[in-house]
Amino acid sequence: MSLTVAAITFGIVFLSELPDKTALASLMLGAKYRASYVFAGIAAAFALQVGIALVAGHLLSLLPHRWVEGVTGLLFLAGAAMLLFHGGDDEDGHAAKEPSANSFWKVAGASFVVVAIAEFGDLTQIMTANLAAKYADPLAVGIGAWLALCAVAGIAILGGQKLLKHVPMKMIIRVAAGIMVLMAGFSIFQAITG
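This report concerns the structure included in the present document. (Residues numbered from 1 in each chain as written. Predicted model: local features only at pLDDT ≥ 70, side-chain atom pairs only at ≥ 80, totals over all residues. Heavy atoms only, no water.)

**Thoughts on the overall build of the chain**
- Scanning the chain from N- to C-terminus turns up nine helices and zero strands.
- Mapped in sequence order, the helices and strands of the chain form the string α-α-α-α-α-α-α-α-α.
- Per-residue burial for the chain yields a buried fraction of 45% across its 194 residues.
- At a minimum sequence separation of 6, the contacts of the chain that also span at least 24 residues come to 92%. (Helix = DSSP H or I, 4+ residues; strand = E, 2+ residues; numbered from the N terminus. Buried < 20%, exposed > 50% of the residue type's maximum accessible area, 1.4 Å probe, protein only. Contact = heavy atoms within 4.5 Å.)

Here is the structure:
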């Protein structure tokens, strides 16, 4: 295993994931539920997604760029709509709350599902597949990508916990939805212009 390949992969995936919808989802989940439960589910989802990227690296790298951008734009719009229409059902949202079931498995499971679906076919998953094909060192690429994804999620989860102490949940939802709409516009523009 090459530490250089792992470090290169970490840097590329970390920077690519920072503005991603998964970071927003991690922030939202971390603001609502126990951080350790959310992180466990998200880390497991990232392990699955990195594994898929490594196994299907050559196939994923062959997807047309315009198609990927168009689908990404539509997913951002759908995410923004879900945030705006279903995310504001929280009471006042000034304190982090436990899920109604107070169960590790429910929170971790929900976090796993949200991130596994959001990351499927995502730019960082495709990038991980491309890096795995380029370097022919799937272990180094896999470890670098997984650590980068977990680092971004950890930052977002902790940020969500701190942010909620000072900003109402409804404001966080509106800002996150606005960012997703902007990202959708950019992705759709990229799909149209090629």
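**Section: the packing of aromatic side chains**
- A full pass over the atoms with the stated rule returns three aromatic pairs.
- Aromatic side chains F104 and W105 sit 5.0 Å apart centroid to centroid with 80° between the ring planes, which places their arrangement in the edge-to-face category.
- The class for F104 is partly exposed, based on a relative accessible area of 31%.
- In textbook terms, an aromatic cluster arises when at least three aromatic residues are bridged by ring pairs, as seen for Y37, F104 and W105. (Phe/Tyr/Trp six-rings, centres within 6.5 Å; stacked < 30°, edge-to-face > 60°.)

**Remarks on the nonpolar core**
- In terms of nonpolar packing, the biggest core is built from 21 residues, with V13, V38, I42, F46, V115 and L149 touching the most fellow members.
- Taken together, the elements giving at least two residues each to this core come down to α1 (3–17), α2 (21–32), α3 (35–55), α6 (104–119) and α8 (138–163).
- Grouped together as the second largest cluster of nonpolar side chains are seven residues, V5, A132, A140 and V141 included. (Core = buried A, V, L, I, M, F, W, Y, C linked by side-chain atoms within 4.5 Å.)

**Brief notes about the side chain of Q49**
- You can see Q49 is positioned in helix α3.
- Given a relative accessible area of 4%, Q49 falls into the buried group.
- Excluding anything up to four places from it in sequence, Q49 contacts A116, E119, F120 and Q125.

**Some details on the environment of A129**
- Inspection of the secondary structure puts A129 in helix α7 (residues 123–135).
- For A129, a relative accessible area of 0% corresponds to the buried category.
- Separated by 13 residues in the primary sequence, A129 and G142 place their C-alpha atoms 9.2 Å from one another.

**Description of a nonpolar patch on the surface**
- On the surface, M1, L3, F10, L139, I143, W146 and L147 cluster together into a nonpolar patch covering about 670 Å² of accessible area.
- Listing elements by their share of the nonpolar patch, those giving two or more residues are α1 and α8.
- In terms of residue count, α8 provides more of the nonpolar patch than any other element does, four residues in total.
- Tracing the chain through its elements places F10 in helix α1. (Patch = residues over 30% accessible without salt bridge, like charges linked within 9 Å, V, L, I, M, F, W, Y side chains within 5 Å. Areas by Shrake-Rupley, 256 points an atom, 1.4 Å probe, with all protein chains shown as cover. Salt bridge = Lys/Arg side-chain N within 4 Å of Asp/Glu carboxyl O.)

**Re the packing of α3 against α7**
- In the contact formed by α3 and α7, the axes pass within 8 Å of each other and the chain directions differ by 45°. It follows that α3 is oblique to α7 by the angle criterion. Viewed along their axes, α3 and α7 form a crossing whose handedness is right-handed. Contacts between α3 and α7 pair Q49, V50, I52, A53 and L54 from the former with Q125, T128, A129 and A132 from the latter. (Axes fitted to C-alpha atoms, helices over the stretch in contact; angles between N-to-C directions. Parallel < 35°, antiparallel > 145°, perpendicular 65-115°, else oblique. Left-handed = near helix turned anticlockwise from the far one by under 90°.)

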